[in-house]
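In case you want the letters, here they are:
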Amino acid sequence: GISVPRRVGVAVLRNRVRRRIREIFRRSRILFGGATVRVVVNARPSAAAASFQELSEDYAAGVTRALSRLPRR
């Protein structure tokens, strides 16, 4: 899920951030390596000013950190 609060900006900015995060998720599905997980992204106001590359790097770092905390099966 993607949560982009009104603090991020007007509707145009919120929708842009949402579209970018959705595209980043689509491009980085390989990070999950077949694991079945649920991902919730809460965008911060600084996400509106961040570049696509910065958002991608932050997303990848967060997903990698979260997956490392999962119990091994």
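Details of the structure are given in the entry above.
It should be emphasised that the depicted structure is a prediction, and the values quoted were computed from it without experimental measurement. (Residues numbered from 1 in each chain as written. Predicted model: local features only at pLDDT ≥ 70, side-chain atom pairs only at ≥ 80, totals over all residues. Heavy atoms only, no water.)

> Explanation requested: helix H1 (residues 11-27) in the structure shown.
Because an α-helix completes one turn every 3.6 residues, residues spaced three or four positions apart along the sequence face the same direction. In this model, H1 (17 residues) spans 24 Å end to end at C-alpha, consistent with the 24 Å of a helix rising 1.5 Å per residue. Among the residues of H1, Arg 14, Val 17, Ile 21 and Ile 24 are the ones counted as buried. Around the axis of H1, the buried residues are gathered within 90° of arc, so they sit on the same side. Exposed positions of H1 whose direction lies more than 90 degrees from the buried face are Val 12 and Arg 27. Those residues of H1 that are buried lie in contact with strand S1 (2-3), strand S2 (41-42) and helix H2 (52-68). (Helix = DSSP H or I, 4+ residues; strand = E, 2+ residues; numbered from the N terminus. Expected span 1.5 Å × (residues − 1). Buried < 20%, exposed > 50% of the residue type's maximum accessible area, 1.4 Å probe, protein only. Arc of directions from axis to C-beta. Contact = heavy atoms within 4.5 Å.)

> Would you mind going over the nonpolar core with me for this structure?
Looking at soluble globular proteins, one finds that nonpolar side chains tend to be buried together. Counting residues in hydrophobic clusters, the biggest one holds 14 residues, and the most contacted among them are Val 17, Ala 43 and Tyr 59. Where this core is concerned, the elements lending two or more residues are H1 and H2. Counting residues per element, this core draws most heavily on H2, at four residues. Setting aside chain neighbours within four positions, we find Val 17 in contact with Val 4, Val 8, Ala 43, Ala 47 and Ala 48. (Core = buried A, V, L, I, M, F, W, Y, C linked by side-chain atoms within 4.5 Å.)

> What am I meant to see in the pattern of salt bridges here?
Where charged atoms of side chains with opposite charge meet at close range, the side chains can pair. In the structure shown here, the tally under the stated rule is two salt bridges. Taking the shortest distance from any N to any O, the salt bridge between Glu 23 and Arg 26 comes out at 2.6 Å. With Glu 23 and Arg 26 both in helix H1, this residue pair falls three residues apart, about one helical turn. Residues Arg 27 and Glu 23 are paired through a salt bridge, measuring 2.9 Å at the closest nitrogen-oxygen approach. (Salt bridge = Lys/Arg side-chain N within 4 Å of Asp/Glu carboxyl O.)

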